[in-house]
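# Examination of the molecular architecture
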Amino acid sequence: MAPKYKFTYFYGRGRGEPTRLIFAAAGVEFDDVRITLDQWPKVKDSLPAPMGQLPFLEVAGGVTLCQSMSIARFAARVTGLTGKTDLEKAQADMFCEEINDVMPKLAGVVFATDEAVKAEKAKEADKVIPERLGRLEKLSGANGHLVGDNLLWCDLFFYNTAFNIENYKPGTLKNYPKLNKVVDTVKANKRVAAWIAKRPDTKF
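What comes next concerns the included structure. (Residues numbered from 1 in each chain as written. Predicted model: local features only at pLDDT ≥ 70, side-chain atom pairs only at ≥ 80, totals over all residues. Heavy atoms only, no water.)

### Details of the packing of aromatic side chains
Per the stated rule, a full pass over the model turns up nine aromatic pairs. With 5.0 Å between their ring centres and 20° between their planes, Tyr 5 and Phe 23 make a pair best called stacked. Of this pair, Tyr 5 sits in strand β1 (residues 5-10) while Phe 23 is found in helix α1 (residues 17-26), placing the two residues 18 residues apart along the sequence. For Tyr 5, a relative accessible area of 8% puts it in the buried group. When its relative accessible area of 0% is taken as the criterion, Phe 23 is described as buried. Consider the rings of Tyr 159 and Phe 163, whose centres lie 6.1 Å apart with planes at 55°: the pair is tilted. (Phe/Tyr/Trp six-rings, centres within 6.5 Å; stacked < 30°, edge-to-face > 60°. Helix = DSSP H or I, 4+ residues; strand = E, 2+ residues; numbered from the N terminus. Buried < 20%, exposed > 50% of the residue type's maximum accessible area, 1.4 Å probe, protein only.)

Given below as structure tokens:
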């Protein structure tokens, strides 16, 4: 039987990885379709991407979802990783929204080809990262989860961003003990660990 979900994104982690991590953590099989930057202009018009961009998620039954946050939130809902109560669900959303702005800042540094531009992008990232991590550290639970006592999509969402932060500036998370514990919790999850071990090694 074919997987119920087909997820299409670039050949990298970026904004698509939270959805992959959610499905992986929940043990849900999905078709993981990856498109290189060179391929994208050639196949863009032929793909079933309603909004003309990646990622998109095709759901069995003929519905296609767009926008990375909407897709990740949907994946969290169908896998039961949004939270136990309405309050937990709202808190999980809050954490995801707070950290979401960091990824574009990091991408700006990673993909900049001009050194002057890269330096300017690095200044922006260096300002935003400690601001956001500082806020999250204050609000995070102390038991290895941002919210509650079970793995939720916000933990996975944060882990994806933290992974890229550590690639950018190794050791950053050591300054945020509660957040560092969240990262350790995610990495210790057997299904997540298996996914990380098999996924392609990409720069972002």
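After that view of the structure, there is still more to cover.
### Section: the environment of Gly 61
Mapped onto the secondary structure, Gly 61 falls in the loop between β3 (56-59) and β4 (63-66). For the pair Gly 61 and Tyr 5, spaced 56 residues apart in sequence, the C-alpha to C-alpha distance is 9.9 Å.

### Re the pairing of β1
Relative to β3, β1 runs antiparallel, the two being bridged by four bridges. When the bridges of β3 are listed, Thr 8 appears paired with Phe 56. Read from β1 through α1 to strand β2 (residues 31-35), the crossover connection turns out right-handed. (Pairing = 2+ DSSP bridges. Right-handed = clockwise from strand over helix to strand, strands pointing away.)

### Thoughts on the side chain of Glu 88
Inspection of the secondary structure puts Glu 88 in helix α4 (residues 86-100). Here Glu 88 occupies a buried position and makes no salt bridge, while the nearest side chain of opposite charge, Lys 84, is found at 5.8 Å. Only 2.8 Å separates the side chain of Glu 88 from the backbone nitrogen of Lys 84, close enough to count as a polar contact. If we skip the residues at most four places from it in the chain, Glu 88 touches Thr 82, Gly 83, Val 147, Gly 148 and Leu 152. (Lys, Arg positive; Asp, Glu negative; His and termini not counted. Salt bridge = Lys/Arg side-chain N within 4 Å of Asp/Glu carboxyl O. Polar contact = N/O pair within 3.5 Å; in protein donor to acceptor, adjacent residues only side chain to side chain. Contact = heavy atoms within 4.5 Å.)

### Comments concerning the sheet that holds β3
The strands that make up a sheet are held in pairs by hydrogen bonds between backbone atoms, and each pair lies either parallel or antiparallel. Strand order in the open sheet made by the four strands is β2-β1-β3-β4, with mixed pairing throughout. In the strand order of this sheet, the two ends are held by β2 and β4, each with one partner. Direction aside, neighbouring strands of the sheet carry axes that sit 20° apart on average. Its contacts with the sheet put α1 on β1, β2 and β3, and the angle it makes with β1 is roughly 145°. With respect to the sheet, helix α3 (residues 68-79) is in contact with β1, β3 and β4, its orientation differing from that of β4 by roughly 120°. (Axes fitted to C-alpha atoms, helices over the stretch in contact; angles between N-to-C directions.)

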